[in-house]
Amino acid sequence: MDYRKMASQLLPLIGGKENVSKATHCVTRLRLILADNTKYDKKALEELDGVKGVFFNSGQLQIIYGTKTVDAVYEEFLIMTGLGESTVAEVKEEGTEDLKPLQKAFKIFSDIFVPIIPAFVGAAMIVGIKSLLTTAGLFGLEGSLADQSKLVADFAACLNIIAATFTFLPVLITYSAVKRFGGNPILGIVLGCIMIHPGLMDANAVAAGAVPQYWSLLGIQTPIVGFQGGVFSAILVSWFLARTEKVLQKHVPQVVSFIVVPSVTLLISGLALFLVFGPLGNLIGHGLGIVTDFLYNRCGIVGAFAFAALLQPLVITGTHHAIQGIEASLVANTGFNYIQPLWSVSIIAQGGACIGMYLLAKKRSKDREIAMSSFFPTLFGVSEPAIFAVNIKDSMIPFICAITGAGIGGAVMKLLDVKAIGFALTGLPGLTIVYPPVLAGYIIGNLAAFALPIVFILVCAKAGKLGNKQP
């Protein structure tokens, strides 16, 4: 491939090099921040050789090239435009400037959780191994493997300690959140340690019925209780700490700032945690918990259908990031995450719609190539190429077929009581964090979500509902 030619063909279709302020790339996509977002020609870009899809999301023009190809095109693009390299984080930050306040708020969740996802993934897989050793009835045994051997039981107990992510969740979140808000992340670690200090009663014990003692802080009766699993409390107080630190750095004389700034920042933030942001975060978490519990548990398969069907429309609007906080709270407080299976079917269904459109496309056409290349990322939890490059490109029908299939897949997951022991992994990688006794249900739910959109699309095509436009 002539990567230089591919890069040069882009420039006139995005308003010239003077219209590009930043450029970066991820595994499959070239990501551009444009000075004027009205100057790019989406249809012409989609016709270029090597381009598998074009969409605009989170303030970025994203052009799908696929793995390896995007690296070479990006390198040539930088040479032609004279731009310096930018990180994905920098481009994301600039891309959010034109977002509405609510969209920015949801975007913050993604920025906070993405850096600490490896800790969740690693811990969830370790807990999965422990579950295989301690769950009764597996491998044809009356009890568990741990019941048969002290060696296995001790190993399982050790694994439970090694999977410390969920025990120390507030520490991870405050570190990442304070860093995201521009504060000193080391102070964030200290703040997280305050939230789960052993001198505080465990929040889970209080939830189970234990009676807490109280401090009188500034005349306010405050429960001496920790914030285990307090995702929203951690984020709110991290924002306050970062803001407090910045104000102090601005006004405290340099000669004493090294001592005064961290001391006063921690003192004020610690008090604010117990008096304001801790209770407020608990209230938010409790409210969201009521909503998700209502949809999934109170409404049964109807709620699960709606939940799974709505996830990808949320992805389009960019308001899906807050769900990561809910998932983290579920895992930390209950040990299980019933949203992960719903995420998986919602993404896999978009892949199924791609295959449906692939079957309708002409053989050896670019449309067929784009449909297939957009399908593969859905197997690993990435749905944006499928959505923007195929399923809503010419008609909303494929997307509607996909979310309908996702809803049915979600209902199947609910019927089979499928749940995970972590989050952030779906599709094939999600197999590693599903609660072992319900692994078969996870496979069945995903297969249903994958197959049904294909059937729906073929039926719609036969009935003439797709019109003359194909992917």
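Keep in mind that this is a model prediction, so the values were computed, not measured.

The next subject is the overall build of the chain. Along the chain, the regular secondary structure elements total 20 helices and six strands. Against the globule reference of 23 Å for 471 residues, the chain gives a C-alpha radius of gyration of 25 Å, in line with a compact fold. Structurally, the chain occupies a C-alpha span of about 70 × 70 × 40 Å along its principal axes. Looking at the 471 residues of the chain, the share that counts as buried comes to 50%. Taking all contacts inside the chain whose residues are at least 6 apart in sequence as the whole, residues at least 24 apart take part in 72%. Split by element, the accessible area of the chain, about 21700 Å² in all, is 65% carbon and sulfur. Put simply, the chain has 34 plus and 29 minus side-chain charges, and the middle of one group is 5 Å from the middle of the other.

Within this numbering scheme, the UniProt entry marks Cys-26 as carrying the feature "active site" (unreviewed entry). Look at Cys-26 and you get buried, because its relative accessible area is 18%. If near-sequence neighbours (up to four positions away) are discounted, Cys-26 is found in contact with Arg-31 and Val-70.

With that settled, consider the layout of surface pockets. Counted as a void, the second largest pocket has a volume near 880 Å³. When contributions to the lining of the second largest pocket are tallied by element, the ones reaching two or more residues are helix 11 (203-207), strand 6 (220-223), helix 12 (231-251), helix 13 (254-298) and helix 15 (322-334). Grouping the amino acids of the lining of the second largest pocket by side-chain chemistry returns 16 nonpolar, 19 polar and two charged. Looking at which domains feed residues into the lining of the second largest pocket, each of domain 2 (107-284) and domain 3 (336-463) supplies at least three.

Helix length check: helix 3 (residues 69-81) (13 residues) gives 18 Å between terminal C-alpha atoms against 18 Å at 1.5 Å per residue, within 8%. As for helix 3, its buried residues are in contact with helix 1 (3-10), strand 1 (20-25) and strand 2 (29-34). Positive phi shows up at Gly-82, right after helix 3, with a value of about 75°.

Right, let's get into the side chain of Ser-131. Secondary-structure assignment places Ser-131 in helix 6 (residues 117-134). Leaving out residues up to four positions away in the same chain, Ser-131 has contacts with Leu-138, Ile-421, Tyr-435 and Pro-436.

Strand order in the open sheet formed by four strands is 1-2-4-3, with antiparallel pairing between adjacent strands. Edge positions in the sheet fall to strand 1 and strand 3 (53-57), since each of these pairs with one other strand and no more. Ignoring which end each strand starts from, the neighbouring axes of this sheet average 20° apart. Alignment of strand 2 against strand 4 (residues 60-64), held across four bridges, turns out to be antiparallel.

We now examine the domain arrangement of the chain. The assigned domain composition of the chain is domain 1 (3-81), domain 2 (107-284) and domain 3 (336-463). Using C-alpha coordinates to define each centre, domain 1 is positioned 27 Å away from domain 3. In this structure, the connection of domain 1 to domain 3 is made through zero salt bridges. At the junction of domain 1 with domain 3, the criterion picks out zero residue pairs in polar contact (both at pLDDT 80 or more). Considering each element in turn, the side of domain 1 that touches domain 3 owes the most residues, four residues, to strand 3. Looking at the side of domain 1 that touches domain 3 residue by residue, the class counts come to five nonpolar, two polar and five charged.

Time to look at the environment of Gly-281. Its location among the elements puts Gly-281 in helix 13. Dropping the residues within four chain positions of it, Gly-281 is found in contact with Phe-232, Ser-233 and Leu-236.

Quick look at the pairing of strand 4 now. Across the five residues of strand 4, five count as buried, placing the element largely inside the fold. Neither face of strand 4 is open: one carries Gln-60, Gln-62 and Ile-64, the other Leu-61 and Ile-63, and all of them are buried. Bridge analysis of strand 3 against strand 4 gives five bridges, and the strand direction is antiparallel. Note on strand 4: the bridge partner recorded for Phe-56 is Leu-61.

Moving on: the packing of aromatic side chains. All chains considered together, the criterion is met by twelve aromatic pairs. Seen from their ring centres, Phe-240 and Phe-277 are 5.1 Å apart, and the 40° between their planes marks the pair as tilted. One end of the pair, Phe-240, is in helix 12; the other, Phe-277, is in helix 13, with 37 residues separating them in the sequence. Judged by relative accessible area, Phe-277 falls into the buried class, the value being 12%. Judged by centre distance (4.2 Å) and plane angle (10°), the ring pair of Tyr-296 and Tyr-338 falls under stacked. Pair noted here: Tyr-296 is in helix 13 and Tyr-338 is in the loop between helix 15 and helix 16 (339-360), with a separation of 42 residues, a long-range link. We note that Tyr-296, like Tyr-338, is buried.

Basis of the calculations
- Residues numbered from 1 in each chain as written.
- Predicted model: local features only at pLDDT ≥ 70, side-chain atom pairs only at ≥ 80, totals over all residues.
- Heavy atoms only, no water.
- Helix = DSSP H or I, 4+ residues; strand = E, 2+ residues; numbered from the N terminus.
- Rg over C-alpha atoms; globule rule 2.2 N^0.38 Å.
- Buried < 20%, exposed > 50% of the residue type's maximum accessible area, 1.4 Å probe, protein only.
- Contact = heavy atoms within 4.5 Å.
- Areas by Shrake-Rupley, 256 points an atom, 1.4 Å probe, with all protein chains shown as cover.
- Lys, Arg positive; Asp, Glu negative; His and termini not counted.
- Charge placed at Lys NZ, Arg CZ, Asp CG, Glu CD.
- UniProt positions renumbered as here; feature names shortened; annotations may be inferred.
- 1 Å grid on protein atoms, 1.4 Å probe; cavity = no way out; pocket = protein on both sides within 12 Å on 5 of 7 lines; lining within 4 Å.
- Points joined across faces, edges and corners; volume = space filled by probe spheres on them.
- Nonpolar A, V, L, I, M, F, W, Y, C, P; charged D, E, K, R; others polar.
- Domains from an automatic or database assignment.
- Expected span 1.5 Å × (residues − 1).
- Pairing = 2+ DSSP bridges.
- Axes fitted to C-alpha atoms, helices over the stretch in contact; angles between N-to-C directions.
- Salt bridge = Lys/Arg side-chain N within 4 Å of Asp/Glu carboxyl O.
- Polar contact = N/O pair within 3.5 Å; in protein donor to acceptor, adjacent residues only side chain to side chain.
- Phe/Tyr/Trp six-rings, centres within 6.5 Å; stacked < 30°, edge-to-face > 60°.

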